[in-house]
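Tertiary structure, described
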Amino acid sequence: MKLYRFLSGPDDATFCHKVTAALNKGWHLFGSPTYAYDKTTKSMRCGQAVVKDIEGQEYTPDTKLSDW
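This structure is a prediction, so every number in the text was calculated from the model and none was measured. (Residues numbered from 1 in each chain as written. Predicted model: local features only at pLDDT ≥ 70, side-chain atom pairs only at ≥ 80, totals over all residues. Heavy atoms only, no water.)

1. Quick look at the sheet that holds strand 3 (residues 43-53)
Picture the strands of a sheet paired through backbone hydrogen bonds; they go either parallel or antiparallel. Here is the rule: At least two DSSP bridges between two strands are required for those strands to pair. Think of it this way: any DSSP run of H or I at least four residues long counts as a helix, any run of E at least two long counts as a strand, and we number them from the N terminus. Working convention: axes come from line fits to C-alpha atoms, limited for helices to the stretch in contact. Angles between N-to-C directions cover 0 to 180 degrees. Contact between two residues is taken to exist if any of their heavy atoms lie within 4.5 Å; hydrogens are not considered.
Taken in spatial order, the three strands make up an open sheet running 1-3-2, and their pairing is antiparallel. Taken across any chain shown, the strands that pair with only one partner, and hence form the sheet edges, are strand 1 (2-10) and strand 2 (28-38). Taken pair by pair, the neighbouring strands of this sheet meet at an average axis angle of 15°, ignoring direction. Of the pairings in the sheet, the one linking strand 1 to strand 3 comprises nine bridges and is antiparallel in character. Counted as the bridge partner of Leu 3 is Lys 52 from strand 3. Each of strand 1, strand 2 and strand 3 touches helix 1 (residues 13-24); the most contacted strand, strand 1, lies at about 165° to it.

Now the structure itself:
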């Protein structure tokens, strides 16, 4: 199965750590990162899509992406 996640967070080190943790768990960057202003919090937000191939497993809507 191929899994897709979209990681997002504030423009600070916590976002970089979130992406780094995913990469170290075998996820791969997918596409370009995003960067946008959040009017509610009056701060910049980052986003990055990641994908991962899992052999021998079948996807269901109950699949917990964070488990992989």
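2. Looking at the pattern of salt bridges
Oppositely charged side chains can pair when the atoms bearing their charge come close. To keep it simple, the criterion reads: Salt bridges, as used here, are contacts in which a Lys or Arg side-chain nitrogen is within 4 Å of a carboxyl oxygen on Asp or Glu. Think of it in three bands: with a 1.4 Å probe and only protein chains considered, a residue is buried below 20% of the maximum accessible area for its type, exposed above 50%, and partly exposed in between.
The final tally for this structure, using the stated rule, is one salt bridge. Among the salt bridges present, the one from Asp 53 reaches Lys 2, with a minimum N-O distance of 3.2 Å. One end of the pair, Asp 53, is in strand 3; the other, Lys 2, is in strand 1, and 51 residues separate them in sequence. Judged by relative accessible area, which is 54%, Lys 2 ranks as exposed.

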